[in-house]
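Structure at a glance
So you can see what is in the structure, the chains are spelled out below.
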Amino acid sequence: MSNSAEGAAPPPKRKDRLSSGLPRWQAAVLLLLIAWLYASILARLFLQWIHDPNFSHGIFVPLFALFVLWQDRKKLVTIASAPSWTGLPLFVLGLLVLVLGVWGAEIFLARVSLLILLAGVIILFQGWRFFRAILFPWAFLILMIPPPTLILQQVTFPLQLLASRLATGLLRLVGVPVLRQGNMIVLAAMPLDVAEACSGIRSLLTLVTLAIIYGYMMETRKWVRVVLALSAVPIAVAANSFRVFGTGLLVQYWDPDKAEGFFHTFEGWLIYLVALIMLFAVHRVISFIWKSGLPAPPNVAHQGGQSAGTIHIPAGSRRFGIVAVLMLGTALVLQAHSHGEVFPPRASLSSLPLQIGGWTGTDDPLDKQTLDILGPGEFLMRDYEHASPPQPEPWINLYIAYFPTQKAGDTIHSPNHCLPGAGWVPTSREVVRLTRPDGSSFPVNRYVVAKTGERQLVLYWFQAHGRAVASDYWAKYYLVSDSVRMNRSDGALVRLMTPMLDGESPDAAQARLMKLGSQFLPLLDGYIPR
């Protein structure tokens, strides 16, 4: 009888349900603490949405998530509150990831920690059933966070090459004479550089976001929603390739100046509209082949008591106290640590001697477009020449990129992506060790690259705090580690390049390269602090 009576009991009112999980004043306090923890992180994220076209879609992601919650509000109020202590480890993990992200100069971790922390709070005060009900809008929020730069570089450059390949093929198909070198499309009128902005990453991220929104609004079948989201990837790639193809036609048959400015921007919007039409067409084809059945009945949440396996927590104030103290302590610790990132004294890269031994250097200034891509650091590009009888030796190019801080998300661009982008095709890759004059050695990347019959030898490594490594990922690991231990996030990339003589082996070219390298290596500590 008691079970029947319990099953027939009316659903709890909204006010009772909320107060059983978290009183309003406690919710307000927790929101204020979260705002204190994440104010600077979210402000920087918002500014990135505003100023970085690649992630301008991010501003709509939280708005749509709130719309979904509002749309499901009647269903959500019927879910009985079943607080669970299992949310506490997730909440603590969110705080630890936040500390690691802030101290370790990894802005992606700091941003993702907010989602982990929110999941922990929801489960701790409302339970797993409620969290499962809002799983989609919670998971959708990941799209508002730009991927880590290291991962983004791994995706952006292949997209640049793919867009240039497809566009080149289409131009040849319509009879346009064209030569492709990396992501550079050489036309008779002018060369066309498929830069990062033309890689398609912008349209890819935006179209995937819109495909998920479209699938949620227009489809009830989950598998169709997944197909629509996945189809956004090839659609975005194809649309971007057509954009580059259209730009090539403008340059070839109309006016090279039309490759930039209004026509280039308008072409981007037009192609993007075509991509949306293609997404709609895919949905229509699926709906035509697989007829949509009746909509699924609404997912009425269980309105009874606490679900099995959920730990009953008699004192909600205990949960509130633990969470509030942990957030308050974390905020105070982060605030104390934020005072004064360490910037050790160093000489400007421009003061590196132009005369090193018998080598004479000539600076090669970087253009504004390149500097905008590289980010807020200090850069040196210099060619050294040595007039040694009976004939001059090939020039040696020295490139150093130094970042005083990487906590804002700006990081070093690896030659692993830049060289192929300039048309240089690696013919061999290996890690070798360079020996300093004092006898110590360190690992460096050694590439032999070729373009139109010319070969060059490239040596490069990442250097920071007296440590030199060859791997991008080890450089990132040490960046996080040193930021936590030393409150320093400075670091540099050092690259040496030289043409290879006919028949010259990589070892012989490296030995010639190190005639200069061995002389400037001891100087680096004055410009890249230990």
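Below you will find a few notes about this structure. Note that this is a predicted model, so its numbers are computed, not measured. (Residues numbered from 1 in each chain as written. Predicted model: local features only at pLDDT ≥ 70, side-chain atom pairs only at ≥ 80, totals over all residues. Heavy atoms only, no water.)

1. A word on the packing of aromatic side chains
For the structure shown, the criterion picks out 19 aromatic pairs. The interplanar angle of 90 degrees and the centroid separation of 6.4 Å between the aromatic rings of Phe-64 and Phe-136 together place this pair among those described as edge-to-face. Within this pair, whereas Phe-64 is found in helix H4 (residues 60-71), its partner Phe-136 is found in helix H9 (residues 135-140), the two being separated by 72 residues in sequence. Classification of Phe-64 by relative accessible area gives buried; the value is 8%. Judged by relative accessible area, which is 30%, Phe-136 ranks as partly exposed. Grouped by ring-pair contacts, the aromatic residues Phe-64, Phe-67, Trp-70, Phe-136, Phe-140 and Tyr-216 constitute a single cluster. Above the ring of Trp-70, the side-chain terminus of Arg-73 is found at 4.1 Å from the ring centroid. Residue placement shows Arg-467 over the ring face of Tyr-478; its charged tip is 3.9 Å from the ring centre. (Phe/Tyr/Trp six-rings, centres within 6.5 Å; stacked < 30°, edge-to-face > 60°. Helix = DSSP H or I, 4+ residues; strand = E, 2+ residues; numbered from the N terminus. Buried < 20%, exposed > 50% of the residue type's maximum accessible area, 1.4 Å probe, protein only. Lys NZ or Arg CZ within 6 Å of the ring centre and 35° of its normal.)

2. Quick look at the nonpolar core
Within the largest apolar cluster, 32 residues are counted, with the highest numbers of intra-cluster contacts made by Leu-398, Ile-400, Trp-461, Val-494, Phe-520 and Leu-524. Elements represented by at least two residues in this core include exactly strand S6 (378-386), strand S7 (393-403), strand S8 (425-435), strand S9 (441-451), strand S10 (454-464), strand S12 (491-499) and helix H18 (506-520). Sorting elements by how many residues they give to this core places H18 first, with five residues. Apart from the residues within four sequence positions on either side, Ile-400 is in contact with Leu-349, Glu-378, Phe-379, Leu-380, Leu-493, Val-494, Leu-524 and Ile-528. If you look at the next biggest cluster of nonpolar residues, it comprises 23 residues, including Leu-33, Leu-88, Leu-95 and Phe-320. (Core = buried A, V, L, I, M, F, W, Y, C linked by side-chain atoms within 4.5 Å. Contact = heavy atoms within 4.5 Å.)

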